[in-house]
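Analysis of the macromolecular model
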Amino acid sequence: MVTGGRGTVVAMAAWSTLNAAGVTLFLLLVLLRVSQAQTFFFPFRQPETCGHNQYFDISALSCVACGPNQRQDARGTVCVCLPGFQMISNNGGPDIICKKCPENMKGVTGDGWNCISCPGGLTAEGKCHCPTGHILVERDVNGTLLSQATCKLCEESENSFTIANALGNRCVQCEPTFINTSRSCVCSEPNILTGGLCFSSTGNFPPRMISAARYGDLGMSFTSEWFAEYLQSSAAACWVYANLTSCQALGNMCVMNMNSYDSTTFDACRLFQFIFENTAGLGTVHSVSFWRQNLPWLFYGDQLGLAPQVLSTTPLPTNFSFKGENQNTKLKFVAASYDVRGNFLKWQTLEGGVLQLCPDTETRLNAAYSFGTTYQQNCEIPISKILTDFPMPTFYDVYLEYTDENQHQYIWAVPVLNLNLQHNKIFVNQDSSSGKWLLTRRMFLVDALSGRENDLGSQPRLIRVATQISLSIRLVPNTKNGNIYPPLITIAYSDIDIKDPNSQSVKVSFSVTYEMDQGEAHVQTDIALGVLGGLAVLLSLLKTAGWKRRIGSPMIDLQTVMKFLVYYAGDLANVFFIITVGTGLYWLIFFKAQKSVSVLLPMPAQEERFVTYVGCAFALKALQFLHKLISQITIDIFFIDWERPKGKVLKAVEGEGGVRSATVPVSIWRTYFVANEWNEIQTVRKINPLFQVLTVLFLLEVVGFKNLALMDSSSSLSRSPPSYIAPYSRILRYAVSTALWLVIGIIQIVFFAVFYERFIEDKIRQFVDLCCMSNISVFLLSHRCFGYYIHGRSVHGHADTNMEEMNMNLKREAENLCSQRGLIPNTDGQTFQIAISSQMRQQYDRIHETLTRKNGPARLLSSSGSTFEQSIKAYHTMNKFLGSFIDHVHKEMDYFIKDKLLLERILGMEFMEPMEKSIFYNDESYSFSSVLYYGNEATLLIYDLMFFCVVDLACQNFILASFLTFLQQEIFRFIRNTVGQKNLASKTLVDQRFLI
């Protein structure tokens, strides 16, 4: 038994293994076959391409043949029996069975399941046909099939007033207007039949109705099938019976005609106005004089000039605030929506993109109704999509919902400014003056109905699309609690001639703007501009007077006028800069930081004046910068070498074959060294331009300070990607840019002055020290009779020495074992402002003319010597003259040293004119740096800032503005270095090849 059981188990295991192997082999064969033969494409078929005896299989997506005695139905997706055949079997699938009816019962019942004898003829479908006014009866009241169908006449007498329904299978009561007008189911003459309604011709019926739809954009109008079918009946039902839906339908047709009113024609709006005027006795709705009982509210009166009263008289009784406990930043718009037939659909909030044709996420769509957020949405939509999504127009009456102090909910009607509205053939709403506007109430997005000419089921010839919808909100002047006037919806429609819907498209936009009265701000700006501009004139006059004294010319000539204009340009640039920065920071701080709303940002159109001021500031500052640049690269400069020969050496005499003693020449290398150092410090600045640009760009783009320039109420530096990003305000971009630029620049200047120059490197003071160690003085003339003097005469007598003696000299100076470096004995004053006399200047010019004669024509040179020898001679003459001048050798051209008065320092001018003697003013502030970049950091910083801001305002791109700003900095630095180096070589006789 045990052995037998074990054999069974072994056999079963072997069978299981064999079975599994067989299944695996089968699957491999199937997969191999599938991988070799399976395809994933098939012919493309549509229901209309199937034959008369085929139907479209909705599962296989292909055409399949119908069975015998069958054909496709009207939709083409199933088969039905041929006329004269009854259904025997139909299980709801594609297969049915049909059987021919006998000769004596050729008709088929309405449901197709039975054959029946007909009292008259047959329809095309093989059903029984009854005359007009009769109904077909195929079964008894209990459902028993009759052997022969009968046609019953509906009772039209006064006792019943019935007529056959549209399907011809029931008798229904006549339309009430037929009964009321003719006491029958027939609207016979002289009564009027229109739109399925019967009206008496003796009533006060509006005459001469025009069923035309106007398309002002295309300059055409034509008879609309919808207007021709329903305009007269809707107007009559509204007028005669006060039918609510008919009145709404009439109002909708007026809205489809752009609320246009013409007193000479009875179109939809003229009919509406006729009924409005003749139903004054019915009273008003909610005490609104423009809203008649039973009628929709379409107009704010029929006279022009009421718009200012509607928009600016009564503030909305609610408050808005950005922050705090009573934060209220939600605009709760609701709309009463109606279909084209006048039926009320529902109350609905505008959130979710009800009025926004452009698709987007719900979060971004709803951002349009966040108070204080300027909203802009643009897109292009295919006409085919519009026709699919909006086959019938929907109409909206928009309201703003609010809660009063007692927590009661109210709604405030929002007026509509339809730019396509014509009043007596004039587009009154396109006028810039609100006093000529005619405000309306109802609106729609797409009208693809009134543009159908002959058949309401056909494609429209024209459609009308709301391509521009703008919601504007105005702040009440001087409000502190966030009060606003009623919002205004401005809408512009475009008429589109339908030719090829698949290739046509239309651009649409939706925007929300906020505005406040900028009159007071403009007045304050004008006052500031006038006051500061007047001060700029006085300051420029003082600068011009100082310049006249410095050039030693008392005459007022054209050059004086031009100089005044240049000075005034620089001062006026500072005025515009102060005003624009102050204005920008005002809007940035007060808009972003406010709790209860009291200010709103200027609109883009209102920013034009501000942008003009910024442009003026940049242009004038650029002129000032170029003036300073030209002045710096044309200064007169000379290096006075105090070094004297240390003895004599024997020197071979050419041509004589002998030797003689000669003075040991003074080395020129010290002069070259000082000239190189001066050349290097020409473009030294108190800030690092590259660090400045990169830091500002980093703070704007990476840290997110640019988000402070968005036209919304948020003061956050970051925005989540799914959220709506408001457009940028040019004023706020300017404010954020200038604030960051100035802060970073000031931090750099303070760091440079407090830390870097004290503990690391001060190139200006180092240059003065270098001059003293090199025994070289610097004589600078920035004006004809004014300049600067750096006293570099060595206290040790010689500077051309070896290292050991040099170190010994420095040690003696550190231990105060020698005199001080100052020009006046026992003082440290090495830098001076100098006002030289005219006689001194004339002598300087005579020598300088010889020094620079090498640049003139060769015929002017002396025939006895070469150009180089002439220049060397002139150089030594100038060096000797200036040295003797400093040493008071020339009594007729002497000078004296004094301190400047405090007022002289403040005004930057000299009260005392150097008549007989020149004047040296002690200058501890190293003001000779004014002929370098170093002493003009404020001008350079503001110029770079204005360049950055102008580029950004033009292209709205901080990265491009940073790149171009750094690029122009490098270009002007190169120009300053190159031309300044040539001027240095020309004025000092230092060979340009040694300026490295």
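An unreviewed UniProt entry annotates the chain as Meckelin isoform X1 originating from Balaenoptera musculus.

1. Here we look at the overall build of the chain
Along the backbone of the chain there are 21 helices and 37 strands. For the chain, whose C-alpha radius of gyration is 49 Å, the value lies well above the compact-globule estimate of 30 Å for 996 residues. Each principal axis of the C-alpha distribution contributes one length, and for the chain these read about 160 × 115 × 65 Å. Considering the chain as a whole, with its 996 residues, one finds that 46% of them fall into the buried category. Across the chain, contacts joining residues at least 24 apart in sequence account for 64% of those joining residues at least 6 apart.

2. Concerning the environment of N424
Position of N424 relative to the elements: it lies in the loop between β24 (416-418) and β25 (442-444). Using a relative accessible area of 34% as the deciding quantity, one classes N424 as partly exposed. As a C-alpha pair, N424 and E677 span 253 residues in sequence and 82 Å in three-dimensional space. Contact partners of N424, with chain neighbours within four places excluded, come to Y261, D262 and S263.

3. Focus: the state of the cysteines
Tallied over the full model, the rule gives 11 disulfides. Between the sulfur of C50 and that of C63 lies a disulfide, 2.0 Å long from S to S. Here the disulfide of C50 and C63 is left-handed, its torsion about the S-S bond being about -85°. Of this pair, C50 sits in the loop between α1 (2-37) and β1 (54-57) while C63 is found in strand β2 (residues 62-65), placing the two residues 13 residues apart along the sequence.

4. As for the side chain of D923
Relative to the helices and strands, D923 is located in the loop between β37 (918-922) and α20 (937-955). It is R905 that comes nearest to the buried, bridge-free D923 among opposite-charge side chains, at 5.4 Å. At a separation of 2.8 Å, a polar atom in the side chain of D923 contacts the side chain of S925. Those residues within four positions of D923 in sequence are excluded, and the remaining contacts are T831, F832, Q833 and F928.

5. Here's the deal with the sheet that holds strand β33 (residues 776-781)
Spatially, β30-β33-β34-β35-β37-β36 is the arrangement adopted by the six strands of the open sheet, whose pairing is mixed. Where the open sheet ends on each side, the last strands, each with one partner, are β30 (636-641) and β36 (895-898). Pairs of neighbouring strands in the sheet enclose a mean axial angle of 25°, with direction left out of account. In this sheet, β33 lies alongside β30 in antiparallel orientation, the contact comprising six bridges. Note on β33: the bridge partner recorded for D641 is I776.

6. Observations concerning helix α12 (residues 669-680)
A rise of 1.5 Å per residue sets the reference length of α12, with its 12 residues, at 16 Å; its end C-alpha atoms lie 16 Å apart and thus fit the reference within 8%. Every buried residue of α12 is listed here: R670, T671, Y672, V674, A675, N676, W678 and N679. Those residues of α12 that are buried are in contact with β30, α15 (763-774), β33, α18 (867-886) and α21 (958-988).

7. Details of the confidence of the model for the chain
Per-residue pLDDT for the chain averages 86, and the proportion of residues at 70 or more is 91%. Every residue in residues 855-865 scores below 50 in pLDDT, and together they form five contacts with partners more than four places removed in sequence or on other chains.

Reading guide: rules and limits
- Residues numbered from 1 in each chain as written.
- Predicted model: local features only at pLDDT ≥ 70, side-chain atom pairs only at ≥ 80, totals over all residues.
- Heavy atoms only, no water.
- Helix = DSSP H or I, 4+ residues; strand = E, 2+ residues; numbered from the N terminus.
- Rg over C-alpha atoms; globule rule 2.2 N^0.38 Å.
- Buried < 20%, exposed > 50% of the residue type's maximum accessible area, 1.4 Å probe, protein only.
- Contact = heavy atoms within 4.5 Å.
- Disulfide = S-S within 2.5 Å.
- Lys, Arg positive; Asp, Glu negative; His and termini not counted.
- Salt bridge = Lys/Arg side-chain N within 4 Å of Asp/Glu carboxyl O.
- Polar contact = N/O pair within 3.5 Å; in protein donor to acceptor, adjacent residues only side chain to side chain.
- Pairing = 2+ DSSP bridges.
- Axes fitted to C-alpha atoms, helices over the stretch in contact; angles between N-to-C directions.
- Expected span 1.5 Å × (residues − 1).
- pLDDT = per-residue confidence, 0-100.

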